[in-house]
Amino acid sequence: MAPIGVMSGVEVVILAAFALFWLGALTGLVVCLRNAVLSFPLKVGIVIAFLVLSLFGFPGFLLAVWILGMVHALTLLRKSTIEDSAKALWAVLVVAVPILGVIAFHIVKPCEGGANATTGNVHF
């Protein structure tokens, strides 16, 4: 039995194989994305999502999706022309209700032009 903090030869080989596997998978993903017709931020987001999913599992992936979606929604809100009270309500909804607030924001799309964007009213 090896002392704590000292790795055996088998453990080193397993760790190296694991690292090479993920490095190869990430390299393949980057090569595929480089040839894809996607915007640069979307490509970066896909790589980050892959890394978060592989490192932290599905809960970490959901957290990353919520944070990225929240940042995107709040950026769109900041640039929109809707009333300040509507902006504040949307900001509270997006931040306070994880995942569902971001999904609702992108379904309703309050920042797009039209009658809803000028009045801040949402009609279903």
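Residues numbered from 1 in each chain as written. Predicted model: local features only at pLDDT ≥ 70, side-chain atom pairs only at ≥ 80, totals over all residues. Heavy atoms only, no water.

A. Up close: helix H3 (residues 84-96). With 13 residues, H3 should cover 18 Å at 1.5 Å per step; its first-to-last C-alpha distance of 18 Å lies within 8% of that length. All buried positions along H3 are accounted for by Ala86, Lys87, Trp90 and Val94. Taken around the axis of H3, the buried residues stretch over an arc of 100°, which confines them to a single face. In H3, the exposed residues that point more than 90 degrees away from the buried face are Asp84, Leu89, Val92 and Ala96. (Helix = DSSP H or I, 4+ residues; strand = E, 2+ residues; numbered from the N terminus. Expected span 1.5 Å × (residues − 1). Buried < 20%, exposed > 50% of the residue type's maximum accessible area, 1.4 Å probe, protein only. Arc of directions from axis to C-beta.)

B. Seen up close, the environment of valine 97. On the secondary structure map, valine 97 appears in the loop between H3 and helix H4 (100-108). Placed 31 residues apart in sequence, valine 97 and tryptophan 66 show a C-alpha to C-alpha distance of 9.7 Å. What valine 97 contacts, discounting residues up to four positions off in sequence, is Trp66, Val92 and Val102. (Contact = heavy atoms within 4.5 Å.)

These results come straight from atomic positions and should not be treated as a statement about function.
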